Amino acid sequence: MALSRGRALVTVPLVSAVLALATACGADGGGGGSSADGKPEGKITFQTWNLRAKYKDYFEGLVKDFGKKYPDVTVVWLDQPADNYADKLGADAAGGTLPDVVNVSPDLSYPLARAGMLVDLDEEKAAARFKDEYTPEAWRGNVLPGLGGSYAFPWYLNTGPLFYNKKLFREAGLDPEKPPRTYDELFGAAETMARASGGKVATLAGTPSIEDFGRYGVRLMNDKATEFTYNEPRGVELLGRYKQLYEHGGLDPQALTNTPEKVGQKFLEQRVAMNPGSAFDLANFKKNAPGLYLSLGITDAPNNTGKPNMYVMGLGVNAHSRHKAAAIAFAHFVTERRNQEDFAHRVAVFPSTKGSLDTPYWTRDDGTAEGRVRVASAKMLKGAVNYTPVVMTDEMKTVLKNEVAKALQGRKSPRRALDDAVARSNHLLGQG
Amino acid sequence: MAGRVRTHRAVSPWLFLLPGLAVVTAFSLCPFLTTAHHAFTDARTLTPGGWVGLRNFREMLHDEQFWVALRNSGLYVLVVVPFTVLLPLLLALLVERRLPGVAFFRSAFYTPVVASVVVVALVWGWMLDDRGLVNGLLRVLGAGPVHFLGDQWLLLLSAMALTVWKGLGYYMVIYLAALAGVPRELHEAAAVDGAGALRRFVSVTVPAVRSTMVLVGALSSVAAFKVFSEVYLLAGPTGGPAGADTTLVMLVQRTGTGLNGRVGYASALSLVVFGVALVLMLLVLRANRRGREGG
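Quick caveat, the model's predicted, so the values are computed rather than measured. (Residues numbered from 1 in each chain as written. Chains lettered and ligands numbered in written order. Predicted model: local features only at pLDDT ≥ 70, side-chain atom pairs only at ≥ 80, totals over all residues.)

1. Quick notes on the interface of chain A and chain B
In step 1: Each side of the interface is counted separately: chain A has 34 residues, and chain B has 32 residues.
In step 2: For the side of chain A that touches chain B, the leading source of residues is helix 1 (residues 5–25) of chain A, giving ten residues.
In step 3: Its residues assigned to classes, the side of chain A that touches chain B shows 19 nonpolar, ten polar and five charged. (Contact = placed C-beta atoms within 7 Å. Helix = DSSP H or I, 4+ residues; strand = E, 2+ residues; numbered from the N terminus. Nonpolar A, V, L, I, M, F, W, Y, C, P; charged D, E, K, R; others polar.)

Structure, rendered in structure tokens:
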């Protein structure tokens, strides 16, 4: 059956060409999806967000445990790097290869849900029956404006304390045991720090983000989430105060271009006195900046609303999954109380299942720095909200950041800058 | 038999070309045509969108960021291209001679070309930081600190310097190949006629490598206009303070990617990038033709 030389000459290029074109044009990978009520079976894919490097054993164990419970289901675990995760999701969704169970935050699940690519868990009976296992705040955290239902099983939560450098506070003549708790105190401490260090040490290194406006008490959007409103007087006031801070050296001179990674690096190098973070950062401080770790102070992020910011992670189920019942069963399995608590013990995040945060692990301070952050953060989570509007795209965040920078540079007044940012963001929002 | 041979002769070349053509069609032509189509739609990452005619191009005219990006990309060409045309030629003249140890310098000059742009940009970022090596040296001299990474113009100039430095070795190799073809007799004759080194460079070397200079000019102008990595890595994803260092390709990336990417608008921007790059190429080639005709 071997091909003759002549035929091979014709066939090989022809097949190569057809294959290349077929790959380029790409067959539609989408499908109608299966019923969620059936027996969980089949092969499903599960995608996490930058968790393989540190928690490989945990997830492999989880998949194995699930296999014991549901022997007819095979789970293929995928993990994507942190950078450009949204792009990867977008490419998968557009190409019809979105994993069956996918790690999402509400701002990522929003466009997917709008495009009909995630299961509405409130609508889907097979999923809705688990609703009571999670805290109402966490379940609501995945309810998307304009879409009604919840589109992801609540998974882990996180909130950030503010780390500060006691040594730098002491050197500036500030009381290291009394860190700033209100915005007034924060701006006051920053002025003192800048003056005392001759401008060499800044208190903060990042410009205000949308979460900062939220914590300051600014109304970010209207009730229907159809228009941004952060240009209201309180927003202008906050930006005006940041402008003063920048002019007086309380903000790092490179604050306008600093990325979160650079900000973290400057805190490690003790060039910046305060930095928002999470319990996750402690190991990094201990390993890479032992000097800083010894003089590390931990406090709550300044807040005018009494409601700290909360980051919500969830597991969405692909609406076009060919094994929806298995996907829902697995998403629930990962997020059920026992597994969430187990994960949170390893990762220094917080479970979203009812009653979890009332257990001693999250209520009793064991005297270690990790224990202090854990208990303080768990306490903050009660009543915390996710300030980031889910309809706010990365492009809109860039618009805000750039207009804030113009105000800090003095190229625009704070009012004009926020008016322009809101106008541009509303224009983008209006485009759908 | 003769007919079969004729058919074979006519068909065979195309069959051999077919895989290559298929790859070009699949990975260049198809995406280009898709981009051209999307430019006239309001497509998003997850939705195909509908036909909107010239709306994306009209929006571009009113988009402040577009004009900033166009200015920056244009400036990049104006500043970077003269350096990438002349400096590598001078370097090539230096390392062309067969001197002991010259191979080391050739390799050293070429090293940045093979180094990852991300790594190189990170190193430059550290050096140009307020407390980096460059500001350290300036402090020793009693100057500074200079906010290379905080000022829009210094940031752009730093990125340009990085582009020039990284490209020197690549273009140097092209010039080395061209210089190898310049007859030694021409230099000897000019020297006998009393021409000095500068005169020989202007009257012998430059005319001899003229077409290579045009090639380098064309390649580097298109590359400079499409700059992304250097500015993105030094100025950050927002494109410097208040986005003032954003280039056109950065704007394409910012608007077109992510789950909410405005694919239609980004495609329209891409067409503009393509159009301008094409015009740049044609201008360089035309200048070359005129130069030749002028003798």
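2. Observations concerning the confidence of the model for chain B
Residues and elements named next belong to chain B.
In step 1: Confidence in the prediction of chain B, expressed as mean pLDDT, is 90, and 98% of residues score 70 or more.
In step 2: Looking over chain B, one finds the lowest element-wise mean pLDDT in helix 8 (residues 184–192), namely 87, and the highest in helix 2 (residues 55–61), namely 95.
In step 3: Reported confidences for the modelled complex are a pTM of 0.84 and an ipTM of 0.79. (pLDDT = per-residue confidence, 0-100.)

3. A short note on the UniProt feature "transmembrane region" (unreviewed entry) in chain B
In step 1: UniProt tags residues 75–95, 107–127, 153–180, 201–225 and 263–285 of chain B as "transmembrane region" (unreviewed entry).
In step 2: In this annotation, residues 75–95 of chain B is assigned 100% helix and 0% strand; the end-to-end C-alpha distance for the span is 30 Å. (UniProt positions renumbered as here; feature names shortened; annotations may be inferred.)

4. Re the UniProt feature "domain: ABC transmembrane type-1" (unreviewed entry) in chain B
In step 1: The UniProt entry lists residues 70–284 of chain B under the feature "domain: ABC transmembrane type-1" (unreviewed entry), expressed in the numbering used here.
In step 2: The span residues 70–284 of chain B shows a helical share of 76% and a strand share of 0%, and its end C-alpha atoms are spaced 19 Å apart.

5. Considering the domain arrangement of chain A
Residues and elements named next belong to chain A.
In step 1: Here chain A is described as being made up of domain 1 (42–159 + 310–381) and domain 2 (162–307 + 386–430).
In step 2: The C-alpha centroid of domain 2 is placed 29 Å from the C-alpha centroid of domain 1.
In step 3: Contact residues are listed per partner, giving 20 residues for domain 1 and 13 residues for domain 2.
In step 4: Elements that contribute at least two residues to the side of domain 1 that touches domain 2 include exactly helix 4 (106–114), strand 8 (311–317) and helix 17 (369–381).
In step 5: With eight residues, helix 17 is the largest single contributor of residues to the side of domain 1 that touches domain 2.
In step 6: Its residues assigned to classes, the side of domain 1 that touches domain 2 shows twelve nonpolar, four polar and four charged. (Domains from an automatic or database assignment.)

6. Structural notes on the nonpolar core
In step 1: Formed by 177 residues in total, the largest nonpolar core has its most connected members in Val-101, Leu-157, Phe-330 and Ala-331 of chain A together with Leu-234 and Leu-269 of chain B.
In step 2: The leading source of residues in this core is helix 3 (residues 64–96) of chain B, at 13 residues.
In step 3: Inspection of this core shows a minimum of three residues originating in each of domain 1 (42–159 + 310–381) and domain 2 (162–307 + 386–430) of chain A.
In step 4: Filtering out sequence-adjacent residues up to four positions away, Leu-234 of chain B remains in contact with Ala-121, Trp-124, Gly-125, Leu-149, Leu-155, Ser-158, Ala-159 and Leu-162 of chain B. (Core = buried A, V, L, I, M, F, W, Y, C linked by C-beta atoms within 7 Å. Buried ≥ 20, exposed ≤ 12 C-beta atoms within 10 Å, placed from the backbone.)

7. Things to note about the sheet that holds strand 6 (residues 274–276) of chain A
Residue and element names in this part refer to chain A.
In step 1: Read across the open sheet, the three strands follow the order 6-5-7; overall the sheet is antiparallel. In this open sheet, the two strands that pair with only one neighbour each are strand 6 and strand 7 (296–299). Mean inter-strand twist for the sheet, computed between neighbouring axes without regard to direction, equals 25°.
In step 2: As judged from the three bridges shared by strand 5 (residues 162–165) and strand 6, these two strands associate in the antiparallel manner. Its bridge partner lying in strand 6, Phe-163 is registered against Asn-275. (Pairing = 2+ DSSP bridges. Axes fitted to C-alpha atoms, helices over the stretch in contact; angles between N-to-C directions.)

8. Structural notes on the packing of helix 2 (residues 52–69) of chain A against helix 15 (residues 337–347) of chain A
Residue and element names in this part refer to chain A.
In step 1: Where helix 2 meets helix 15, the axes come as close as 11 Å, and the angle between the chain directions of the two elements is 170°. It follows from the interaxial angle that helix 2 and helix 15 lie roughly antiparallel. For the pair helix 2 and helix 15, contact is made by Tyr-55, Tyr-58 and Leu-62 and by Asn-339, Phe-343, Arg-346 and Val-347, respectively.
In step 2: Class assignment for the residues of the contact of helix 2 with helix 15 results in five nonpolar, one polar and one charged. (Parallel < 35°, antiparallel > 145°, perpendicular 65-115°, else oblique.)

9. What about the environment of Gly-149 of chain A?
Residue and element names in this part refer to chain A.
In step 1: Mapped onto the elements of the fold, Gly-149 is located in the loop between helix 6 (136–141) and strand 4 (153–158).
In step 2: Put simply, Gly-149 and Glu-124 are 25 residues apart on the chain and 9.8 Å apart in space, counted from C-alpha to C-alpha.
In step 3: Non-local contacts of Gly-149, meaning those with residues more than four positions away in its chain, are made with Asp-120, Leu-121, Asp-122, Glu-123 and Val-143.

10. Notes on the sheet that holds strand 4 of chain A
Residue and element names in this part refer to chain A.
In step 1: Taken in spatial order, the five strands of this open sheet run 2-1-3-8-4, and their pairing is mixed. In this open sheet, the two strands that pair with only one neighbour each are strand 2 (73–80) and strand 4. Strand-to-strand twist of the sheet, defined as the mean angle between neighbouring strand axes without regard to direction, takes the value 20°.
In step 2: Strand direction decides the pairing type here: strand 4 and strand 8, joined by four bridges, are antiparallel. Following the sheet pairing, Asn-158 is matched in strand 8 by Tyr-311.

11. Concerning the pairing of strand 2 of chain A
All names here are of chain A.
In step 1: Relative to strand 2, strand 1 (residues 42–49) runs parallel, the two sharing eight bridges. When the sheet's bridge partners are listed, Gln-47 is paired in strand 2 with Leu-78.
In step 2: Taking the sense of rotation as the criterion, the β-α-β connection linking strand 1, helix 2 and strand 2 turns out right-handed. (Right-handed = clockwise from strand over helix to strand, strands pointing away.)

12. A few points about helix 8 (residues 183–196) of chain A
Residues and elements named next belong to chain A.
In step 1: If you check helix 8, its first and last C-alpha atoms are 20 Å apart, about what 14 residues at 1.5 Å a residue would give, namely 20 Å.
In step 2: The set of residues buried in helix 8 consists of Leu-186, Phe-187, Ala-189, Ala-190, Met-193 and Ala-194. Viewed end-on, helix 8 has its buried residues packed into an arc of 160°, placing them on one side of the element.
In step 3: Of the surrounding secondary structure, the elements contacted by the buried residues of helix 8 are helix 10 (233–247).
In step 4: A positive phi of about 65° marks Gly-198, the residue just after helix 8. (Expected span 1.5 Å × (residues − 1). Arc of directions from axis to C-beta.)

13. A closer look at unusual backbone geometry
All names here are of chain A.
In step 1: Even without a glycine there, the phi angle at Asn-84 is positive, about 55°.
In step 2: Counting through the fold element by element, Asn-84 comes out in the loop between strand 2 and helix 3 (85–95).
In step 3: Given 13 C-beta atoms within a 10 Å radius, Asn-84 is considered partly exposed.
In step 4: Even without a glycine there, the phi angle at Ala-225 is positive, about 55°.
In step 5: Take Ala-225: it is sitting in the loop between helix 9 (210–216) and helix 10.
In step 6: Using a count of 17 C-beta atoms within 10 Å as the deciding quantity, one classes Ala-225 as partly exposed.

14. A look at the confidence of the model for chain A
In step 1: Residues with a pLDDT of 70 or more make up 91% of chain A, whose mean pLDDT is 87.
In step 2: This stretch, residues 8–31 of chain A, has a pLDDT under 50; its non-local contacts, to residues over four places away or in other chains, come to 33 contacts.

15. As for the pairing of strand 8 of chain A
As a general feature of sheets, a regular strand has side chains that alternate between the two faces.
In step 1: Most of strand 8 of chain A is tucked away, with seven of its seven residues classed as buried.
In step 2: The alternating pattern of strand 8 of chain A places Tyr-311, Met-313, Leu-315 and Val-317 of chain A on one face and Val-312, Gly-314 and Gly-316 of chain A on the opposite face, and all of these are buried.

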